[in-house]
Amino acid sequence: MFGYILKRLIQMVLVLWVVSVIVFLMMSFTGDPVFMVVPIDASDAEIAQARRLLGLDKSPLMQYWIFISSLVQGDFGQSYVFRQPAMTLILERMPATVEMVMVAMVLAIIIAIPLGVYAGANPNSRLSRIIMSFSLIGISLPGFWVGMLLIYLFAVHWGVFPSSGRGDTREFFGLRISLLTWDGWHHIVLPSVTLSLGTMAILLRMTRAGMMEVSRHDYMKFARAKGATRNDVLYKHGLKNALIPVVTIFGLQLGDLIAFATITETIFSWPGMGKLLIDSIYRADRPVIVVYLMLVALIFVVINFLVDIVYTLIDPRITLK
Amino acid sequence: MTTFLQSELFHNYRRSSSAIIGSGLMALFAFAVLAGPFLVAQDPYDIAALNLMDSYKPPVWLEGGDPRFILGTDGQGRDVWASVLYGARISVFIGLVAMMASCLIGTALGLIAGFYGGILDTVIMRIADVQLSFPSILIALFLMSAVGTGVDKVLIALTAVGWVVYARTVRGSTLSEIEKEYVQAAKVAGLPNRKIIRKHVLPNVLTPLIVIATIQVGTFVLIEASLSFLGVGVPITQPSLGLLIKNGFDVLFSGLWWTSVFPGFAIMMLVFGINLFGDFLRDELNPRLK
């Protein structure tokens, strides 16, 4: 186990290093950032001065060296637009995103798992077919379009939910949390419902497939033959085994939610780090984009690592090598 | 043809309502994409054909609707029905071409990795692993933010995220195929590797790709729509369905819902059709489930 964890940690560092190289390479394609910082009527001397300040007059290899060594030292650069440390900007907005992703995830789980179990246990019932059709529509929908429909119906037409922003927040250990206020809950409903639909549909289909898969196994027949009731067999023996693939998908889905949060935040003007990313792309605010990508890459490798560990805890047949 | 009509696949197809609905929707879109320009009177990209007097007309069944514009018009007096038909052409084109490019590149890399093994295998599969741990939409978004908007650039970004799934599948099947006797026999007979790969391995690893390719067109249509919605996809001169939704979003708060609702509905029906048919194919082509 210890050896495995050590090996995975080294792998994680390697992955992050590869990501840093790719991010650096792609960023050098995006045109000259010097024009982001100098005024339009700057003289050649001023441009050359700014170029020196940004370190753009050095060779690409040297630039990468400066880039990676300052990343490692915790210096993530200044936003060209806000003139503030890029890391601070992102961390300020992170609670908003995490909050929305969490609510969306919880929503997806409490709806998808029971429905998926039902549809898997009764594959031929009418209700199951309806559930499955809706889940297929769920994965065929453009998420941002659903968000717009919700805004039109609930905010513009009926006026029951706000269409944008985060509402009141309350300080909690120095973080601004909107889930602690009634107004905050009122604001989070539409964005998190929008965000959760895709994940809900996928979790539902995975749960159903898992249930159908396990019901073919001999231990299920044996438990039934032993005299256990149908429900006992399904929920005590079946469900636990059916959920193993769902846990793996869970990690991937968490990543997808963070990625799709960029779009949901843009629609609902949710002041999270995803909206910051999109705004920074529009403004070519390179340092913010770089820090966002590196931070999200770190989050993803950590999630993947945790999923693999959890996987062995719930399924003793799998050993880590 | 008669063998196909008598085959089990066709027999099951006729009995599966979801397969018929799915392929029906796909056929409908194929028709709309091919015949689109002949179905509408107005070319939505011909500025001369637009009349500002016609702007923001609601759909025909609402008060103030104009029978010339069944689904209403947008801010420039452009027929929404016509722009949906033209937009679907761009969305479907991007989905199909990016799928074919991903399939070609992914299959080639998967065959190389599986057949030759060694350092090539390690490099290709490690890249695939790293890529798979990030959501496709984020990779595509990042690539687009680096290279700028354009249909060609969307195609590159989609192909860059799409090849992985083919490479992994093909590598897996190749590894199990080359163990089999017919490949061993071909090797002993002294056939060159290229010929063994092309004539013997390739035909036997293609079946699982049919399902992946079908579903991927739908996924690509959705990713492209998201990119265009965020303003980093297709340019304004070639609006796909996603860009139409974005343009409609800007006027949504004034209650002009039809400019964004109909393009989104078109995407939903297209991708739903593809997924229905893809599900049918998966059940049919996966012998384990039978």
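Residues numbered from 1 in each chain as written. Chains lettered and ligands numbered in written order. Predicted model: local features only at pLDDT ≥ 70, side-chain atom pairs only at ≥ 80, totals over all residues.

Take the overall build of chain A next. A tally of regular secondary structure across chain A gives 12 helices and 2 strands. Ordering the α and β elements of chain A from the N terminus gives α-α-α-α-α-α-α-β-β-α-α-α-α-α. With the C-alpha coordinates of chain A rotated into their principal frame, the extents come out at 85 × 60 × 35 Å. Looking at chain A residue by residue over its 321 residues, the buried ones come to 37%. Once local pairs closer than 6 in sequence are excluded, the contacts in chain A between residues at least 24 apart make up 70%. (Helix = DSSP H or I, 4+ residues; strand = E, 2+ residues; numbered from the N terminus. Buried ≥ 20, exposed ≤ 12 C-beta atoms within 10 Å, placed from the backbone. Contact = placed C-beta atoms within 7 Å.)

So, about the overall build of chain B. Of regular secondary structure, chain B possesses 12 helices and 0 strands. Start at the N end of chain B and walk to the C end: the helices and strands fall as α-α-α-α-α-α-α-α-α-α-α-α. In terms of its C-alpha atoms, chain B occupies a principal-axis envelope of roughly 75 × 50 × 30 Å. With 290 residues in all, chain B has 46% of them scored as buried. Relative to all contacts within chain B whose residues are 6 or more apart in sequence, the contacts with residues 24 or more apart total 69%.

A word on the interface of chain B and chain A. Between chain B and chain A, the residue contacts involve 34 residues of the former and 33 residues of the latter. Listed by contribution, the elements that provide at least two residues to the side of chain B that touches chain A are α6 (136–147), α10 (207–229), α11 (241–249) and α12 (258–285) of chain B. For the side of chain B that touches chain A, the leading source of residues is α12 of chain B, giving 9 residues. Taken together, the residues of the side of chain B that touches chain A sort by class into 26 nonpolar, 8 polar and no charged. (Nonpolar A, V, L, I, M, F, W, Y, C, P; charged D, E, K, R; others polar.)

Relative to the 52 Å expected for 36 residues at 1.5 Å per residue, helix α5 (residues 86–121) of chain A spans 50 Å between its end C-alpha atoms, a close match to the ideal helical length. Where α5 of chain A bends most, at Met-94 of chain A, the angle is about 35°, and the proline Pro-95 of chain A comes one to four residues later. (Expected span 1.5 Å × (residues − 1). Bend = angle between axes of the 7 residues up to and from the residue.)

Membership of the largest hydrophobic core comes to 149 residues, with the highest contact counts inside it found for Leu-257 and Tyr-292 of chain A together with Val-84, Ala-140, Leu-141 and Ala-167 of chain B. For this core, the element with the highest residue contribution is helix α4 (residues 80–116) of chain B, accounting for 17 residues. Those residues within four positions of Leu-141 of chain B in sequence are excluded, and the remaining contacts are Thr-262 of chain A together with Leu-227, Leu-230 and Val-232 of chain B. In terms of nonpolar packing, the next biggest core, distinct from the first, is built from 7 residues, Val-117, Ala-121, Val-214 and Val-233 of chain A among them. (Core = buried A, V, L, I, M, F, W, Y, C linked by C-beta atoms within 7 Å.)

Our focus in this paragraph is the packing of helix α11 (residues 273–282) of chain A against helix α12 (residues 286–314) of chain A. Residues and elements named next belong to chain A. One way to put it is that α11 packs onto α12 with a least axis distance of 9 Å and a crossing angle of 140°. Between α11 and α12, the angle is such that the two are oblique. Judged by the sense of rotation from one axis to the other, the crossing of α11 with α12 is left-handed. The segment α11 lies against α12, with Met-273, Leu-276, Leu-277, Ser-280 and Ile-281 engaging Val-288, Ile-289 and Tyr-292. Considering only residue class, the contact of α11 with α12 consists of 7 nonpolar, 1 polar and no charged. (Axes fitted to C-alpha atoms, helices over the stretch in contact; angles between N-to-C directions. Parallel < 35°, antiparallel > 145°, perpendicular 65-115°, else oblique. Left-handed = near helix turned anticlockwise from the far one by under 90°.)

All names here are of chain A. Looking at where Ser-28 falls in the secondary structure, it is placed in the loop between α1 (2–27) and α2 (34–37). Look at Ser-28 and you get partly exposed, because 17 C-beta atoms sit within 10 Å. Spatially, the C-alpha atom of Ser-28 lies 8.7 Å from that of Pro-60, the residues being 32 residues apart in sequence.

Another point: the environment of Lys-240 of chain A. Structurally, the position occupied by Lys-240 of chain A is in helix α10 (residues 230–267). Taking C-alpha positions, Lys-240 of chain A is 9.4 Å from Met-211 of chain A, a pair spaced 29 residues apart along the chain.

Further remarks concern the packing of α4 of chain B against α12 of chain B. Residue and element names in this part refer to chain B. At their nearest, the axes of α4 and α12 sit 10 Å apart, and the two run at 35° to each other. In terms of crossing hand, the pair formed by α4 and α12 is right-handed. The segment α4 lies against α12, with Val-80, Val-84, Gly-87 and Ala-88 engaging Trp-258, Thr-259, Phe-262, Pro-263 and Ala-266. Residue composition of the contact of α4 with α12, grouped by class: 7 nonpolar, 2 polar and no charged.

This part is about helix α7 (residues 151–177) of chain B. Here α7 of chain B spans 38 Å end to end across 27 residues, near enough to the 39 Å set by a 1.5 Å rise per residue. Along α7 of chain B, the helix axis deviates most sharply at Ala-160 of chain B, where the bend reaches about 30°.

Residues and elements named next belong to chain B. Here chain B shows a mean pLDDT of 87. Residues at 70 or above account for 98%. Highest mean pLDDT in chain B belongs to α4 (94); lowest belongs to helix α1 (residues 2–6) (71). ipTM for the predicted complex: 0.86, alongside a pTM of 0.90. (pLDDT = per-residue confidence, 0-100.)

Residues and elements named next belong to chain A. One non-glycine residue, Ser-269, adopts positive backbone phi at about 45°. Summarising the element assignment, Ser-269 is placed in the loop between α10 and α11. The phi dihedral of Ala-284 falls on the positive side, at around 50°, and the residue is not glycine.

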